[in-house]
Amino acid sequence: MSGPDRYSSPLAERYASPEMLELWSQRRRHGEWRRLWLALAEAERELGIDIPDEALAQMRDHLDDIDFDAVAAYERRYRHDVMAHVYAFGDVAPAARKIIHLGATSAFVTDNADLVLMRRGLELLRGKALRVLRSLAAFARKWRDEPTLGSTHLQPAQPTTVGKRATLWMQDLVLDLQEIDHRVTALPARGVKGTTGTQASFLDLFGGDHEKVRELDRRVCAAIGFARSIPVSGQTYSRKLDAQILAVVAGIAASAAKFSSDLRVLQAYGEIEEPFESEQIGSSAMAYKRNPMRCERIASLARFVINLESNANQTHAVQFFE
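**Re the overall build of the protein chain**
Next up, step 1: Across its full length, the protein chain carries 12 helices and 2 strands.
Next up, step 2: In terms of overall size, the protein chain is more extended than a compact globule, its C-alpha atoms giving a radius of gyration of 25 Å where 322 residues would be expected to give roughly 20 Å.
Next up, step 3: Overall, the protein chain is about 75 × 45 × 35 Å in size when its C-alpha atoms are taken along their principal axes.
Next up, step 4: Burial status across the protein chain gives 40% buried among its 322 residues.
Next up, step 5: Accessible surface, the protein chain as shown: approximately 18,400 Å² in total, 54% of it carbon and sulfur.
Next up, step 6: Of the charged side chains in the protein chain, 42 are positive and 43 negative; the average position of the first set lies 3 Å away from that of the second.

Following this line, the structure appears as structure tokens:
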């Protein structure tokens, strides 16, 4: 089934930007897996593991041309998603077949790739928040002297200006930007930690040379753009990182929801209205209506996003010994 006969998430179809859809696509995610395998193999070779030039060259030539039909066939056969991709990568890089994923566990690619994508996602959100701030700044300057009645407790209070009111929305986003910048800077890679975080498989590869294993971790992290890896891990990185990232995203959603709620109230008062296009229909039965559809969409999406944060904390809480 395809098109109108197949369920499609409104989160993708109605809300997501092209950039975010591409970022979280299967091709991008599994392309990151291949880049991680290449980075691992390159670093292992630099540190003395016998890996031929041809193997690395073939891996570099096939980072994004993933045969997803072949992957699906391998997964049906082996019932393992990561190994399905290992075999499919080996098909197009046969000289590397024996060294792809050498010493690694599945979380090496799944976790490191997810951290790469989440960091990039935060960077995309940062750019969008800056664009909103620039628009709000222009609005605030234009209406900085326009008087309006301020409110406290949603009751008439003292006079303020329309521009001043807009700066309150801006301040929330400035605080969100600070959180984004902190999280992007502080976010570590999982790095090269082995199956249970002991790096035992890599110590075996390097004959017990701890410094080489530490250097392998540093080199792989640098290759994927991270200044450091998480100091200790189980098989996975701590899922607390997911909760921290979602806290930033939920904070942006809360700022957007506050903005949309204020606008809905102002529209009900007749003070400010959403844009209303020339052929837009406000109601099928009441032609005079101008429903605040944009604000309603912001509010509904924000509510969904805000609730994801608690889910991440609950996931972290039941990771047992990971």
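There's more to say after this.
**Observations regarding the packing of helix H8 (residues 162-186) against helix H11 (residues 240-269)**
Next up, step 1: Between H8 and H11, whose axes approach to 9 Å, the crossing angle comes to 170°. It follows that H8 is roughly antiparallel to H11 by the angle criterion. Packed against H8, whose contacting residues are Arg165, Trp169, Asp172, Leu173, Asp176, Glu179, Ile180 and Arg183, the element H11 presents Gln244, Ile245, Val248, Gly251, Ile252, Ser255, Lys258, Phe259, Asp262, Leu263 and Leu266 at the interface.

**Things to note about H11**
Each α-helix turn comprises 3.6 residues. Residues three or four places apart therefore point the same way.
Next up, step 1: The end-to-end C-alpha distance of H11 is 43 Å, a good match for the 44 Å that 30 residues give at a rise of 1.5 Å each.
Next up, step 2: Remark: Gly270 follows H11 within two positions and exhibits a positive phi of approximately 80°.

**A closer look at the packing of helix H7 (residues 106-142) against H11**
Next up, step 1: Where H7 meets H11, the closest approach of the two axes is 12 Å, and the angle between their N-to-C directions is 20°. As far as their axial angle goes, H11 and H7 are roughly parallel. For the crossing formed where H7 meets H11, the hand is left-handed. Within the contact between the two elements, H7 uses Leu115, Met118, Leu122, Leu125 and Leu136 and H11 uses Leu241, Asp242, Ile245, Val248, Val249, Ile252 and Phe259.
Next up, step 2: Among the residues making up the contact of H7 with H11, the classes are represented as 11 nonpolar, no polar and 1 charged.

What counts and what doesn't
Residues numbered from 1 in each chain as written. Predicted model: local features only at pLDDT ≥ 70, side-chain atom pairs only at ≥ 80, totals over all residues. Heavy atoms only, no water. Helix = DSSP H or I, 4+ residues; strand = E, 2+ residues; numbered from the N terminus. Rg over C-alpha atoms; globule rule 2.2 N^0.38 Å. Buried < 20%, exposed > 50% of the residue type's maximum accessible area, 1.4 Å probe, protein only. Areas by Shrake-Rupley, 256 points an atom, 1.4 Å probe, with all protein chains shown as cover. Lys, Arg positive; Asp, Glu negative; His and termini not counted. Charge placed at Lys NZ, Arg CZ, Asp CG, Glu CD. Axes fitted to C-alpha atoms, helices over the stretch in contact; angles between N-to-C directions. Parallel < 35°, antiparallel > 145°, perpendicular 65-115°, else oblique. Contact = heavy atoms within 4.5 Å. Expected span 1.5 Å × (residues − 1). Left-handed = near helix turned anticlockwise from the far one by under 90°. Nonpolar A, V, L, I, M, F, W, Y, C, P; charged D, E, K, R; others polar.

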